[in-house]
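As a plain string of letters, each chain reads:
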Amino acid sequence: MTHYDDRISPLHGAGGEMMGKLLAEHVLPHFASSQVGRINLSAMDDGATIALPTVGELVMTTDSHVVKPIFFPGGDIGKLAAAGTLNDLAVMGARPLALSLAVIIEENFRMIDVDRIVKSFAETLETSDTPLICGDTKVMGRGEIDGIAINTTGLGIADPAIGDAGAKPGDMVITTGSMGDHGMALMASRQEFHLETELVSDVASIWPMIRTILPLGGIHAMKDPTRGGLAAALNEMAGKSQTTIELVHSSIPIRDEVQALSDLLGISPLEVANEGKAILIVDPGVATSMLETLREHPLGRNAAIIGHVGTQYPGRVVVTTDVGGRRFLDMPLGDPVPRIC
Amino acid sequence: MSRPFHLSDPVRARQMADAMAILAPPTPIKIVHVCGTHEMAITQHGLRRFLPEKVEILEGPGCPVCVTPTADIDAAVQIAETGAILCTFGDMTRVPGTRLTLEQARSNGCDIRVVLSAAEAANIAKGTDREVVFFAVGFETTTPMTAAVLLDDAPTNFSALVSHKKIPEAMAVLLNLPGTNIHGYLAPGHVSTILGLAPYARQLETFKVPIVVGGFEPLDILYAITLILRQIRDGKGFVENGFPRGVANEGNIAAQILIETVFESTEVQWRGIGAIPESGYRLRDEFAQFDARLRFNIEGETGDEHIPGCRCADVLTARATPADCPLFGERCTPLSPVGPCMVGTEGACSIWFRYGGREIP
């Protein structure tokens, strides 16, 4: 075996034979069934085609993914990249039509890691019956990029698209599951904390779950609480609709191990990322049936009504605490830092 | 997904609120705590709404980041500019120095690393030939950890910029400052696990002010405040352990010995307060080889701490609430902090801005 077979070299990004070999051996086999239009991934043309749908709106989203560590408990950057884009489409109420995959890899990156990442990307697309239709590969020199970065663009179709600004006073707030799992799992796996936990990321495509509730109607706003967690998602939703989101802390599902780590590090589980959840603001008339439908899906087993929409402090999120006090839940500032003492 | 403890029980919290209402005198009462974790717990759980109307609780000099004087930040910047690796806790990177914050120094090319402990900094030193300096801030909770690292065969390229401080001494000084009007202290649970009760008694006995050690769960805090109000009603003022679950009266003797072995008391500067005799630590002569001030020839200069309009000095001495400051939430926010109390995530201004302070009915 030559060096080129087990490590990424600059030639793999040079557009020549080495790149063709990389794609043919390590990428294309994972996407054999990727077909949506007349010109598909396997054609390796300059672009791919999608037949235009006759009803609804096209939704397009793009996301770049960098994560440390690249492989983490419960997933890796490939799964994260696929789920991230599929979920952005899902919370717009959009059925995914197709994704792109653009990868920038550091020279000398291990080929078996490329394989693992591409495989989990493909598997995640499969859960949502979504084809990959185009892509790009670039290689940068050692030290010019930290391992690997992935950009994905997704196209979906919604009828109609659901925004994140439509909250109305009286609406109910629903989470599709426990909060803080991804952020805390990553935090726990960072070696400087020297922690051993059973925590796994919740990273998953939520489209299979979201498709079951769209027919119920009554979703006024929807968002995936990724970076900044529930706190960031709800502050954005409250801000854009100029309503107050009133939460009851004791009704927010938080895993015991997530809470324990959160207490240890002084980082709130409401302020760290989720990668397999959605926050819904729904008409009070459909809240109960929506909750029941969500709970029937494996990804929504722990779905809960966590609050309602009010008017007292426009643009802000207020939490009733377990002990019975009240406080604001503010937009997180940036990356959470563990406290000194 | 049940919460493991019932220390947030709303019924018991209500009962304690009723008890406090009976105990509290009709006159205004100011209770001061000296711990960012207490302020975080009080605000995050919304505990102020359980206090009787005329009882208020404020954070004094309880945020280690906030009380670190400009001169120490300047020293850290100066060391980093020599090319040494400077290791510090995350919050410290944003505190304003006379010239630069550590964050700005890093943008200028200095090698500044965020660590979680002194041990992590020492490990960095073991993996390099470069000088590695640990910016040792914090109260008695972090001091023993710095001591343990220096006693445990620290590498020769490792040194500490010591800025450790002692809480009981600052509590005593606050009582002597004009305009503080403090009726009782909620003493910090984790500092007390190290110190025990004796240092508070030594420093504060003459003042006859109630001092009650409190834990950090909602009911721990309400209970400790109830004990303070009971002492006030009875005309008493003594040191009481309201957190026996976590604090032994004698403290953690092993940790006290670590501190004693490596450090000796000295006068240090507190931002907002000034110099307080015996209120901080310096390395004993036997450990002088680890003193970054000696290794890098740092002069004991005083930095410029005056920030026009900023009332951090009053907030740190419990003479003002964050909301009393004209800059609060206007020119001074966590995203663009003016004063140190908005920089440290445990600073009163930062906590009030993020969680609402007294604002929410």
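Residues numbered from 1 in each chain as written. Chains lettered and ligands numbered in written order. Predicted model: local features only at pLDDT ≥ 70, side-chain atom pairs only at ≥ 80, totals over all residues.

Observations concerning the interface of chain B and chain A
Next up, step 1: The interface of chain B with chain A comprises 33 residues on the first partner and 22 residues on the second.
Next up, step 2: Of all the elements, helix α1 (residues 10–23) of chain B adds the most residues to the side of chain B that touches chain A, at 3 residues.
Next up, step 3: Class assignment of the residues belonging to the side of chain B that touches chain A gives a composition of 14 nonpolar, 12 polar and 7 charged. (Contact = placed C-beta atoms within 7 Å. Helix = DSSP H or I, 4+ residues; strand = E, 2+ residues; numbered from the N terminus. Nonpolar A, V, L, I, M, F, W, Y, C, P; charged D, E, K, R; others polar.)

Describing the domain arrangement of chain A
All names here are of chain A.
Next up, step 1: Split by domain assignment, chain A resolves into domain 1 (3–158) and domain 2 (172–329).
Next up, step 2: A C-alpha centroid distance of 28 Å is found between domain 1 and domain 2.
Next up, step 3: At the interface, 21 residues of domain 1 touch 22 residues of domain 2.
Next up, step 4: At the level of elements, α3 (77–90), β4 (94–106) and α4 (111–127) are the ones that each hand at least two residues to the side of domain 1 that touches domain 2.
Next up, step 5: In terms of residue count, the dominant contributor to the side of domain 1 that touches domain 2 is α3 (9 residues).
Next up, step 6: A per-class count over the side of domain 1 that touches domain 2 returns 10 nonpolar, 8 polar and 3 charged. (Domains from an automatic or database assignment.)

Some remarks on the sheet that holds strand β3 (residues 85–88) of chain B
Residue and element names in this part refer to chain B.
Next up, step 1: Strand order across the open sheet formed by 4 strands is β4-β3-β5-β6, with parallel pairing between neighbours. Looking along the sheet, the strands with just one partner apiece sit at the ends: β4 (112–114) and β6 (158–164). Each adjacent strand pair in this sheet contributes to an overall mean axis angle of 25 degrees, direction not counted.
Next up, step 2: Note that strand β5 (residues 132–138) and β6 share 7 bridges and pair parallel. When the sheet's bridge partners are listed, phenylalanine 134 is paired in β6 with alanine 160.
Next up, step 3: Of the strands in this sheet, β5 and β6 are in contact with helix α7 (residues 143–151), which crosses β6 at around 160 degrees. (Pairing = 2+ DSSP bridges. Axes fitted to C-alpha atoms, helices over the stretch in contact; angles between N-to-C directions.)

Topic: the environment of aspartate 18 of chain B
Next up, step 1: With respect to the helices and strands, the residue aspartate 18 of chain B is situated in helix α1.
Next up, step 2: Distance in space between the C-alpha atoms of aspartate 18 of chain B and threonine 226 of chain B is 9.9 Å, their sequence separation being 208 residues.

Some details on the environment of alanine 71 of chain B
Residue and element names in this part refer to chain B.
Next up, step 1: When you line up the elements, alanine 71 lands in helix α4 (residues 70–80).
Next up, step 2: With 22 C-beta atoms counted inside 10 Å, the residue alanine 71 sits in the buried group.
Next up, step 3: Once the C-alpha coordinates of alanine 71 and glycine 60 are considered, the two residues, 11 residues apart in sequence, prove to be 21 Å apart. (Buried ≥ 20, exposed ≤ 12 C-beta atoms within 10 Å, placed from the backbone.)

A look at the confidence of the model for chain B
Next up, step 1: Per-residue confidence for chain B gives a mean pLDDT of 92; residues scoring 70 or more make up 96%.
Next up, step 2: Two numbers describe this predicted complex: its pTM, 0.83, and its ipTM, 0.77. (pLDDT = per-residue confidence, 0-100.)

Here's the deal with the sheet that holds strand β12 (residues 317–320) of chain A
Residues and elements named next belong to chain A.
Next up, step 1: Strand order in the open sheet made by the 7 strands is β8-β10-β7-β11-β9-β12-β13, with mixed pairing throughout. The open sheet has two free edges, formed respectively by β8 (219–223) and β13 (326–329), since each of these has just one partner strand. The sheet shows a mean angle of 25 degrees between the axes of neighbouring strands, taken without regard to direction.
Next up, step 2: One ladder, built from 4 bridges, connects strand β7 (residues 172–175) with strand β11 (residues 304–310); its direction is antiparallel.

A few points about the pairing of β7 of chain A
Residue and element names in this part refer to chain A.
Next up, step 1: Residue alternation in β7 divides its side chains into two sets, Met172 and Ile174 and Val173 and Thr175, and both sets are buried.
Next up, step 2: Here β7 pairs with strand β10 (residues 279–282) via 4 bridges, running antiparallel. From the neighbouring strand, valine 173 faces β10, where its bridge partner is isoleucine 281.

Regarding the nonpolar core
Within soluble globular proteins, side chains that are nonpolar tend to cluster in buried spots.
Next up, step 1: Counting residues in hydrophobic clusters, the biggest one holds 225 residues, and the most contacted among them are Leu86 and Ile225 of chain B.
Next up, step 2: Those residues in contact with leucine 86 of chain B, other than ones at most four positions away along the chain, are Ala76, Ile79, Ala80, Cys110, Asp111, Ile112, Val133 and Phe135 of chain B. (Core = buried A, V, L, I, M, F, W, Y, C linked by C-beta atoms within 7 Å.)

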